[in-house]
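Fold and geometry: a report
Listed below are the residues making up each chain.
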Number of protein chains: 2
Amino acid sequence: MSTAQKPFKVIGTRVAKLDAVEKVTGAVQYLPDLEVPGMVWGKILRTTVPHARIRRIDARKAEALPGVLGVVTGANVEQHPFGYAKDHLALKRDVVRCIRDEVAAVAAETEEIAAEACRLIEVEYEEWPAVFDPAAALSPDAPQIHPQFPGNLVNFSYRFTAGDVDRAFREADAIVEGTYTLNYVTTACLGTMAAIASWDPRGNLTMWSTTQIPFLYQRDLAEALGISGDRIRVLQPAVGGNFGRGLDLYPIDIIAALLARHVQRPVKIVFDREEEFLASPTREPCVFTLRTAVRADGTLLARDARVIIDNGAYVSWGSTTPYVMMTTLAGFYRCPNVRFDTAIVYTNNVYSGSMRGYGNLESTFAIEAQMDDLAETLGLDRLGIRRRNANQPGDVTPQGLRITTCALTECFDAVERDIQQPIARALRPGWRRGIGYAGMFHVGGGARVYRSDGCGAIVKLDDFGRVSLLTGASEIGQGSETVLAMIVAEELGIPFGRVEVINSDTAVKPWDVGVHASRTTFIAGNAALLAARDVRRQLLGLAAAELEEPAEALDCEDGFVFVRQAPQRRVPYEKVVRAGHFREDGRILIGQAFYDPPTQMLDKDFRGTVSATYAFAAQAALVEVEEATGKIEVLRVASAHDVGRALNPIGCEGQIEGGIHMGLGYCLTEELRLEDGRVLNPGFLDYKLLTAPDMPEMLITLIETVDEAGPFGAKGVGEAGTIPISAAVANAVKDAVGVRVTELPMTPERVYRAIRAARARPGRDLTTAERVSVPHQRGG
Amino acid sequence: MSTAQKPFKVIGTRVAKLDAVEKVTGAVQYLPDLEVPGMVWGKILRTTVPHARIRRIDARKAEALPGVLGVVTGANVEQHPFGYAKDHLALKRDVVRCIRDEVAAVAAETEEIAAEACRLIEVEYEEWPAVFDPAAALSPDAPQIHPQFPGNLVNFSYRFTAGDVDRAFREADAIVEGTYTLNYVTTACLGTMAAIASWDPRGNLTMWSTTQIPFLYQRDLAEALGISGDRIRVLQPAVGGNFGRGLDLYPIDIIAALLARHVQRPVKIVFDREEEFLASPTREPCVFTLRTAVRADGTLLARDARVIIDNGAYVSWGSTTPYVMMTTLAGFYRCPNVRFDTAIVYTNNVYSGSMRGYGNLESTFAIEAQMDDLAETLGLDRLGIRRRNANQPGDVTPQGLRITTCALTECFDAVERDIQQPIARALRPGWRRGIGYAGMFHVGGGARVYRSDGCGAIVKLDDFGRVSLLTGASEIGQGSETVLAMIVAEELGIPFGRVEVINSDTAVKPWDVGVHASRTTFIAGNAALLAARDVRRQLLGLAAAELEEPAEALDCEDGFVFVRQAPQRRVPYEKVVRAGHFREDGRILIGQAFYDPPTQMLDKDFRGTVSATYAFAAQAALVEVEEATGKIEVLRVASAHDVGRALNPIGCEGQIEGGIHMGLGYCLTEELRLEDGRVLNPGFLDYKLLTAPDMPEMLITLIETVDEAGPFGAKGVGEAGTIPISAAVANAVKDAVGVRVTELPMTPERVYRAIRAARARPGRDLTTAERVSVPHQRGG
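Residues numbered from 1 in each chain as written. Chains lettered and ligands numbered in written order. Predicted model: local features only at pLDDT ≥ 70, side-chain atom pairs only at ≥ 80, totals over all residues. Heavy atoms only, no water.

Regarding the overall build of chain A
To be explicit about the condition: To qualify as a helix, a DSSP run of H or I must reach at least 4 residues; to qualify as a strand, a run of E must reach at least 2; elements of each kind are numbered from the N terminus. Each residue's exposure class comes from its accessible area (1.4 Å probe, protein chains only) as a fraction of the maximum for that residue type: buried when under 20%, exposed when over 50%, partly exposed otherwise. Whether two residues are in contact is decided by their heavy atoms: any pair within 4.5 Å suffices. Each accessible area value is a Shrake-Rupley result obtained with a 1.4 Å probe; residue values ignore everything except the protein chains displayed when judging cover. Asp and Glu are treated as the negative residues and Lys and Arg as the positive ones, with His and the ends of the chain left uncounted. A charge is said to be at NZ when it belongs to Lys, at CZ for Arg, at CG for Asp and at CD for Glu.
Scanning chain A from terminus to terminus reveals 18 helices and 31 strands. The principal-axis extent of the C-alpha atoms belonging to chain A is close to 90 × 75 × 50 Å. In chain A, which comprises 780 residues, the proportion classed as buried is 66%. Restricting the contact set of chain A to residue pairs at least 6 apart, pairs at least 24 apart contribute 80%. By element, 51% of the accessible surface of chain A is carried by carbon and sulfur atoms, the whole surface being about 26,000 Å². Side chains of chain A carry 84 positive and 99 negative charges; the gap between the two charge centres is 2 Å.

As structure tokens, this is what we get:
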């Protein structure tokens with residue numbers, strides 16, 4: 001899809017996001033700002049206990065409250081199971097299974113009345129024993145959460161084997177083993193989840209949603225409501241963050257629609273901050289046990305991993321993250337023998353969804369910890385062992401992923417250079433300094449997790465030389481509008497400012513899978529490029545008549561079509577377009593394309609190259625650790641990314657910086673704390689998001705491998721910045737104070753305890769979570 | 001464009017307008033209902049004198065009023081002349097020329113503050129002599145309104161000659177002559193004119209407008225503001241009527257944009273009712289002098305007409321209505337010799353624009369009065385003389401208009417039948433009853449008044465079998481969305497309810513000329529049909545793989561593609577579409593078309609066939625007239641229309657009924673009364689719109705000639721109902737009480753005076769405005 005061509009005019013320039021000024025000046029209307037005529041407010045009542053039978057719901061007092069229009073419960077609406085495992089009803093009918101569970105909802109004239117009415121609803125529960133630990137949930141006498149899923153095991157798993165793992169472990173020169181505990185975090189979007197539902201008199205539903213998968217949402221919501229998908233139109237106003245939160249259908253949308261149908265008025269539901277922490281999807285907590293086998297020279301021989309995922313009470317995308325964990329385990333660094341297995345376990349905890357990086361943070365944390373530990377064990381250089389095993393162009397991973405462009409080694413070179421630049425600040429007494437490295441491997445050319453990984457695009461060039469791109473892609477703050485407009489402007493040879501991007505209405509935009517897997521620039525970018533190319537071809541064809549030259553003799557640039565051999569003979573686009581319809585057999589200039597990458601879904605054995613290209617990155621962290629307190633300060637992060645081509649460098653940097661911010665929070669401070677299934681810290685006072693002053697210096701390098709498959713050579717970069725940073729920091733902490741911390745977030749307490757434990761075991765710096773063994777002498 | 005095919009499933013059924021329920025339940029958001037973030041209110045200050053030099057504008061007190069954000073005048077903004085004759089600035093700089101003239105505008109936090117601030121602006125005028133009568137304005141010593149247009153004559157005229165008119169008059173058996181005075185009326189839309197202007201930080205302007213020509217508006221507004229058209233995006237929320245009001249750019253839109261730019265906030269301006277009467281475009285007043293020559297058998301020989309149009313102070317579309325007057329004069333009924341001339345005269349009156357029927361009401365009023373008078377003079381039957389001269393299929397008019405389908409004679413047959421049905425009500429003492437007839441000839445297949453008469457369409461068939469039509473056409477209440485959706489549903493073989501029409505955003509929809517000349521069903525309908533056909537073709541192509549049959553063996557209906565020889569082998573559309581992108585080299589189903597009819601612009605001699613087909617109609621009115629008071633009551637109207645094909649009969653009937661309402665108001669009660677350039681009756685108390693109880697019984701006949709060029713055979717019908725009714729009523733009044741009333745509206749006073757005058761002249765029933773002569777004995 002890359003094109004050899006003239007020097008770029010738009011691509012590669014640093015372009016501020018199209019909506020930047022509107023966002024910083026507060027002019028943008030987010031979903032909660034919208035008013036629909038006749039609209040009323042909805043509010044959801046949730047369970048007060050994590051596992052119980054609902055004995056009785058009495059809403060009479062609520063219904064009698066002035067200003068209340070109606071109350072819905074599982075008893076008075078038609079609804080259908082939804083979600084990946086169809087284990088879920090939006091309004092719980094008989095049983096509640098986690099503290100997030102919805103038992104009723106109220107529509108009222110104001111939000112306050114709706115909230116008051118929720119307080120007036122009496123619900124009587126028969127409390128049941130609950131289980132909050134996945135290991136406990138697997139025991140035979142554990143409370144059963146879904147009768148149809150006995151043993152609390154979700155009805156799918158991810159099991160993959162390549163090579164002869166046992167033999168490789170037998171023949172290894174060294175083995176490290178560790179168990180890594182990754183916790184709940186949440187997207188903590190500044191804009192909370194919200195929905196407006198409005199039924200028209202013909203029974204059609206318009207949803208204003210924070211979804212990031214409008215077309216799949218249209219299908220899933222229809223199914224949950226028992227109507228056909230053609231009756232739903234989805235509008236996507238600006239969202240204040242998403243990060244994967246909008247990748248599934250959740251009860252808020254279904255309930256808004258049910259309420260609106262019940263009270264015959266449009267209904268708006270907006271989560272308050274507490275609700276957002278309690279009831280929006282989280283990153284899945286897991287326990288990741290990994291063993292790695294190596295030869296003495298550092299060559300990876302085998303990996304063997306087992307992951308236990310706390311699925312929570314219902315299945316959403318968090319349960320499917322092993323899909324990506326596995327890919328990293330089997331594909332990041334060359335490793336011929338691989339075994340991967342999972343247990344995805346129902347508990348009475350809140351359930352997780354998709355979140356930026358999607359399984360890869362967890363896998364990478366384990367793998368990169370062991371790369372350092374292996375280097376230490378074997379007495380090798382930490383970067384040396386990585387370079388030795390680094391993926392290379394042309395590699396095919398054990399799962400069959402075909403790596404085309406790959407600058408992983410160059411990424412390590414770059415971060416090694418950058419992280420070691422002099423630093424002005426002197427080391428404080430009691431603090432120790434360390435550097436850590438970690439790399440990353442991720443999809444960069446879409447990810448075929450559905451039968452289609454495609455996106456449609458329509459490009460319209462109008463009478464005024466103005467271009468509209470109608471793209472299937474969704475803008476969720478990632479800057480996709482901007483980069484897609486750049487692609488169209490470059491291909492069509494017009495100023496960037498002349499491109500409008502239309503992307504927020506399913507009735508208007510063509511089909512797309514949605515925002516996930518860092519796919520938008522690559523997939524939607526290719527679609528936009530092809531559609532623009534289609535318009536360009538038509539434009540030259542039309543101009544041929546105007547300029548009395550064959551189309552092949554023409555070119556276009558800066559809004560003019562010109563004769564290649566006599567560039568002064570030129571005509572502006574708008575004139576060509578007008579001539580197109582100001583004549584007999586007139587026409588308009590509209591191009592279209594659908595781009596679906598030449599990739600494969602994983603087969604039943606989890607084999608197939610799911611992405612048209614893969615992204616690589618390396619990060620280095622320079623940290624200081626206070627030994628007496630365990631406090632970590634990250635001074636600098638170097639982050640180098642094989643982005644294929646940096647279409648909008650400032651956009652790439654923004655994504656990477658945001659990713660580092662999110663990854664550092666995961667690593668250092670963020671933790672959604674649950675106790676007996678209840679969220680203890682549903683607010684920004686207790687859930688510690690990093691703020692701007694908390695952020696380290698960030699040195700970003702964009703490496704351009706110009707991928708053949710990418711639009712102008714680009715690969716996806718949306719998630720990359722988030723993925724390796726925890727591992728890099730953990731490795732830096734080990735470099736500084738000699739301890740391996742295996743649990744996130746690395747709070748001062750955890751680091752302090754690790755230091756204390758290590759000091760108590762003279763000569764051993766590793767925590768008990770990790771064991772290093774040299775199982776046998778290599779035979780001669 | 002018509003298609004021979006299976007029995008229709010959607011076409012021809014009676015479908016309620018898509019927005020009907022939303023409109024009657026008040027759910028629709030009209031432009032005045034919209035709120036844009038940060039929006040403030042604008043208000044316009046107009047002159048207090050109709051012709052003056054502006055000596056001084058002092059806005060200091062207004063600017064000091066709390067809540068005022070800024071004041072614009074001709075002195076502090078950049079603006080450019082606009083309008084057909086470029087004789088106009090939105091904010092008048094030195095001179096005001098009519099009472100509608102804008103001298104300043106205020107932006108303020110509330111509408112009330114803006115209005116108060118307008119009152120605080122001091123304007124000092126040097127009053128100039130003014131002229132309010134076109135005849136007086138033509139005299140050499142009349143005040144000169146625009147120095148660049150000396151003699152107060154607009155710099156264009158409409159002069160047409162065919163045949164030898166003078167000779168025909170010399171050789172005629174009878175001649176009638178009359179002068180008809182047509183007055184100001186206004187569209188009286190229930191939704192007043194409104195605009196919201198919002199500039200983004202990049203200097204792009206979004207306009208929410210009541211325009212009905214979004215793309216021409218985009219061009220004209222850009223020119224008035226001195227920016228390029230690509231910077232403007234036009235959004236068209238629901239309008240509460242338009243009827244031609246939105247066919248030009250008017251100061252309200254420019255001023256909204258200037259104010260918004262001045263105060264750096266979005267600005268909304270909404271006309272109050274008084275302003276709407278004062279400052280929205282009117283139907284042009286004119287004096288129409290017509291002579292008609294006939295043979296003794298009633299065969300028309302010649303017409304000779306001269307029209308003086310009161311242009312008002314500036315040129316808008318009202319000044320160009322002779323374009324249509326001429327067509328009727330030269331083309332309605334067969335008439336070989338024609339002379340037509342105009343004087344379009346500047347006065348200090350308010351200026352007129354386009355209004356439904358656009359010149360044809362005036363022409364038809366004169367022509368059809370004389371058809372009756374000729375019949376009387378020659379002792380012929382009133383319908384007989386019409387049938388004798390009626391246009392027939394295959395005719396070419398003196399201007400070169402090619403008549404294809406034509407059921408004018410059948411229309412007269414139908415209304416003759418219907419109007420004479422028994423009527424229950426007995427005639428009251430002192431009242432007399434009469435029947436009058438009039439026919440109509442209008443464009444019915446577009447009207448090429450620009451170089452293009454085209455419209456674009458995009459049709460998208462999605463994963464859910466849902467169809468979106470992105471049409472260039474605008475919905476102004478005429479029901480175009482509904483009929484376009486029907487066309488797409490029929491052609492694609494899907495239920496009507498599955499089609500969504502997207503038509504209100506220039507960034508999304510393809511180019512179109514706009515709503516005028518009853519063109520939307522025909523032009524936009526053909527575009528929609530072609531785009532749907534394009535999708536249909538692609539759908540069958542895609543389904544061929546699914547069904548393992550060649551596409552030629554397939555057909556589609558009711559949302560299924562099936563094998564023609566084995567209809568049980570079928571697959572639903574949504575499955576075909578999904579298969580389209582759930583496979584390698586996937587695709588989406590998007591069709592597009594641009595339809596521009598095979599017509600000609602009038603050449604410099606006003607010759608050319610401007611429409612792809614022409615519409616014909618006849619109306620009959622049954623009236624009662626009280627002789628003692630001159631009061632007219634219309635009991636019944638029969639209205640028969642050659643609509644080509646009635647795509648949505650209830651829609652056709654609605655348009656015709658609405659047209660009769662508007663035409664009857666013009667005929668009987670509506671009159672925007674001006675005195676010394678001032679509007680005396682700017683409100684519904686004094687401007688008498690007919691209400692529902694005032695309306696007569698209406699018997700409507702739709703005659704289907706199935707025009708080859710029309711979508712499924714349809715022609716335009718939007719204006720037809722309005723056009724002949726005044727003439728039919730005037731003829732009925734003459735039939736009842738024997739007097740010819742030549743001035744509209746036919747108030748009781750005018751009718752009473754005409755009756756009195758006729759009674760005073762024994763043996764003569766005609767008013768002095770008309771003379772009948774028999775100029776010579778036919779030579780042997």
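What follows picks up the thread again.
What about the relation of the copies chain B and chain A?
Which entries qualify depends on this criterion: Least squares is the method used to superpose the copies, on C-alpha atoms of residues holding a pLDDT of at least 70 in both.
Expressed as a screw transformation, the operator carrying chain B onto chain A has a rotation angle of 180 degrees and an axial translation of 0.0 Å, and the superposed copies differ by an RMSD of 0.0 Å. The two molecules are tied by a two-fold rotation axis, judged by turn and shift. Closest approach to the rotation axis among the C-alpha atoms of chain B is made by valine 508 of chain B, whose C-alpha sits 3.9 Å away. Taken as a fraction of all interface residues of chain B, those also at the interface in chain A reach 98%, which identifies the copy contact as same-surface.

So, the side chain of serine 452 of chain A
Stated precisely, the cut-off is as follows: Polar contact is the term for a pair of N or O atoms within 3.5 Å; when the atoms are in protein, one must be able to donate a hydrogen and the other to accept it, and sequence-neighboring residues count only if both atoms are side-chain atoms.
Its location among the elements puts serine 452 of chain A in the loop between strand 18 (431–443) and strand 19 (455–461). Serine 452 of chain A gets classed as buried once you look at its relative accessible area, which sits at 0%. A polar side-chain atom of serine 452 of chain A sits 3.0 Å from the main-chain carbonyl oxygen of histidine 581 of chain B. Residue contacts for serine 452 of chain A: discarding those within four places in its chain leaves Trp511, Val513, Phe594 and Asp596 of chain A together with His581 and Phe582 of chain B.

Side note on the pattern of salt bridges
For the record, the criterion: Any carboxyl oxygen of Asp or Glu within 4 Å of a side-chain nitrogen of Lys or Arg constitutes a salt bridge here.
A full pass over the atoms with the stated rule returns 139 salt bridges over all chains. Across the pair arginine 339 of chain A and aspartate 166 of chain A runs a salt bridge whose closest N-O atoms are separated by 2.7 Å. On the criterion of sequence distance, the pair formed by arginine 339 of chain A in strand 17 (residues 337–346) and aspartate 166 of chain A in helix 5 (residues 165–171) is long-range, its members being 173 residues apart. Arginine 339 of chain A sits in the partly exposed class, given a relative accessible area of 24%. Between arginine 233 of chain B and glutamate 500 of chain A there is a salt bridge, with its nearest N and O atoms 2.4 Å apart. One end of the pair, arginine 233 of chain B, is in strand 12 (residues 232–235); the other, glutamate 500 of chain A, is in strand 21 (residues 499–502), on a second chain. Using a relative accessible area of 18% as the deciding quantity, one classes arginine 233 of chain B as buried. Each of Arg53, Arg55, Arg56, Asp58, Arg60, Lys61, Glu122, Glu124 and Glu126 of chain A takes part in one network of salt bridges that share partners.

A few points about the nonpolar core
For clarity, the cut-off: In plain words, nonpolar cores are sets of buried Ala, Val, Leu, Ile, Met, Phe, Trp, Tyr and Cys residues tied together by side-chain atoms within 4.5 Å.
Phe288 and Val729 of chain A together with Phe288 and Val729 of chain B are the most contacted members of the largest nonpolar core, which has 380 residues in total. Excluding residues that lie within four positions of it along the chain, valine 729 of chain A makes contacts with Ala621, Val623, Ile632, Val634, Leu664, Cys667, Leu668 and Met746 of chain A. Listed in part, the 55 residues of the second largest apolar core include Leu469, Ala528, Leu542 and Ala566 of chain A.

Examining the sheet that holds strand 3 (residues 68–73) of chain A
All names here are of chain A. Note the threshold: In this description, strands pair whenever DSSP reports at least two bridges between them. Fitting a line to C-alpha atoms yields each axis, with helices limited to the stretch in contact; the angle taken between N-to-C directions then spans 0 to 180 degrees.
Sheet architecture is open: seven strands sit in the order 3-5-1-13-10-11-12, paired in mixed fashion. In the strand order of this sheet, the two ends are held by strand 3 and strand 12 (232–235), each with one partner. Neighbour-to-neighbour, the strand axes of the sheet open up by a mean angle of 20 degrees, direction not taken into account. The pairing of strand 1 (residues 40–46) with strand 13 (residues 267–270) spans two bridges and is classified as parallel. The partner of tryptophan 41 across the bridge, within strand 13, is lysine 268. Sitting on the sheet, helix 3 (residues 111–120) touches strand 1, strand 3, strand 5 (102–108) and strand 13, and the angle it makes with strand 1 is about 25 degrees. Its contacts with the sheet place helix 7 (residues 251–263) against strand 1, strand 3, strand 5, strand 10 (194–199), strand 11 (205–209) and strand 13, and it is angled at close to 35 degrees to strand 10.

Topic: the sheet that holds strand 5 (residues 102–108) of chain B
Hydrogen bonding along the main chain pairs the strands of a sheet, whether they run parallel or antiparallel. Residue and element names in this part refer to chain B. The sheet built from seven strands is open, its strands ordered 3-5-1-13-10-11-12 with mixed pairing. The sheet is open, and its two edges are formed by strand 3 (68–73) and strand 12, each paired on a single side. When the angles between neighbouring strand axes are averaged without regard to direction, this sheet yields 20 degrees. Bridge analysis of strand 3 against strand 5 gives five bridges, and the strand direction is antiparallel. Bridge assignment links valine 68 to a residue of strand 5, and that residue is alanine 108.

Quick notes on the packing of helix 10 (residues 360–378) of chain B against helix 17 (residues 725–737) of chain B
Residue and element names in this part refer to chain B. Keep this limit in mind: By definition in this entry, angles of less than 35 degrees are roughly parallel, angles greater than 145 are roughly antiparallel, angles of 65 to 115 are roughly perpendicular, and the rest are oblique. In this scheme the crossing of two helices becomes right-handed for a clockwise turn of the near helix relative to the far one and left-handed for an anticlockwise turn of less than a right angle.
Between helix 10 and helix 17, the least distance of the axes is 8 Å, while the angle of their chain directions is 30 degrees. The orientation of helix 10 relative to helix 17 falls into the category roughly parallel. Where helix 10 crosses over helix 17, the two elements pack in a sense that is right-handed. Listed contacts from helix 17 to Thr364, Phe365, Glu368, Ala369, Asp372, Asp373 and Glu376 of helix 10 are Ser726, Ala727, Ala730, Asn731 and Lys734.

Examining the pairing of strand 22 (residues 554–557) of chain A
All names here are of chain A. As paired elements, strand 22 and strand 23 (residues 560–563) share four bridges and run antiparallel to each other. The residue bridging glutamate 557 from the neighbouring strand is phenylalanine 560, located in strand 23. Hairpin geometry of strand 22 and strand 23 is characterised by an intervening segment of two residues between the two adjacent antiparallel strands and by a positive phi of about 55 degrees at aspartate 558.

Observations regarding the packing of aromatic side chains
Selection criterion: Centre distance within 6.5 Å is the pairing criterion for rings of Phe, Tyr and Trp, where only the six-membered ring of Trp is used; planes under 30 degrees apart are then read as stacked, over 60 as edge-to-face, and the remainder as tilted.
For the coordinates displayed, the defined rule picks out 34 aromatic pairs over all chains. Between phenylalanine 441 of chain A and tyrosine 614 of chain A, the aromatic rings sit 5.6 Å apart at their centres with planes inclined by 40 degrees, giving tilted as the arrangement. Taken as a pair, phenylalanine 441 of chain A in strand 18 and tyrosine 614 of chain A in strand 26 (residues 614–626) lie far apart in primary sequence, 173 residues in all. In terms of burial, phenylalanine 441 of chain A and tyrosine 614 of chain A fall into one category: buried. Where tyrosine 158 of chain B meets phenylalanine 606 of chain B, the ring centres are 5.4 Å apart and the plane angle is 40 degrees; that geometry is what we call tilted.

A closer look at unusual backbone geometry
Cis geometry marks the peptide bond from leucine 744 of chain A to proline 745 of chain A, where omega comes out at -10 degrees. The residue lysine 86 of chain B is not glycine, and still its phi comes out positive at about 50 degrees. Assignment of secondary structure puts lysine 86 of chain B in the loop between strand 3 and strand 4 (95–96). Unusually for a residue other than glycine, tyrosine 333 of chain B sits at a positive phi of about 65 degrees. Topologically, tyrosine 333 of chain B is positioned in the loop between helix 9 (322–331) and strand 17 (337–346).

A short note on the interface of chain B and chain A
Heads up, the rule is: Summed over both partners, the accessible area lost on bringing two parts together, with a 1.4 Å probe, is the buried area.
The partner chain A presents 51 residues to the 52 residues of chain B that form the contact. When chain B packs against chain A, close to 4,500 Å² is buried across both sides, 59% of that on carbon and sulfur atoms. Scanning the region where chain B abuts chain A turns up six salt bridges. Counting every contact that joins chain B to chain A gives 18 residue pairs in polar contact (both at pLDDT 80 or more). Where the side of chain B that touches chain A is concerned, the elements lending two or more residues are helix 1 (20–24), helix 6 (214–225), strand 12, strand 19 (455–461), strand 20 (467–471), strand 21 (499–502) and strand 25 (589–595) of chain B.

A look at the pairing of strand 19 of chain B
All names here are of chain B. Burial analysis of strand 19 places seven of its seven residues in the buried class, the great majority of the element. Where burial is concerned, the two faces of strand 19 agree: the one with Cys455, Ala457, Val459 and Leu461 and the one with Gly456, Ile458 and Lys460 are both buried. Bridging between strand 19 and strand 25 involves seven bridges; their strand directions are antiparallel. Within strand 25, the position partnered with valine 459 by the bridge is glycine 591. Strand direction decides the pairing type here: strand 19 and strand 20, joined by five bridges, are antiparallel.

Describing helix 18 (residues 748–760) of chain B
Residues and elements named next belong to chain B. Applied cut-off: Residue count minus one, scaled by 1.5 Å, sets the expected span of a helix. Think of the arc as the fan of directions from the helix axis to the C-beta atoms.
Spanning 13 residues, helix 18 covers 18 Å between terminal C-alpha atoms, matching the ideal 18 Å at 1.5 Å per step. Turning to helix 18, its buried residues are Val751, Ala754, Ile755 and Ala758. Taken around the axis of helix 18, the buried residues stretch over an arc of 100 degrees, which confines them to a single face. In this structure, helix 18 carries Arg753, Arg756 and Ala760 as exposed residues pointing more than 90 degrees from its buried face.

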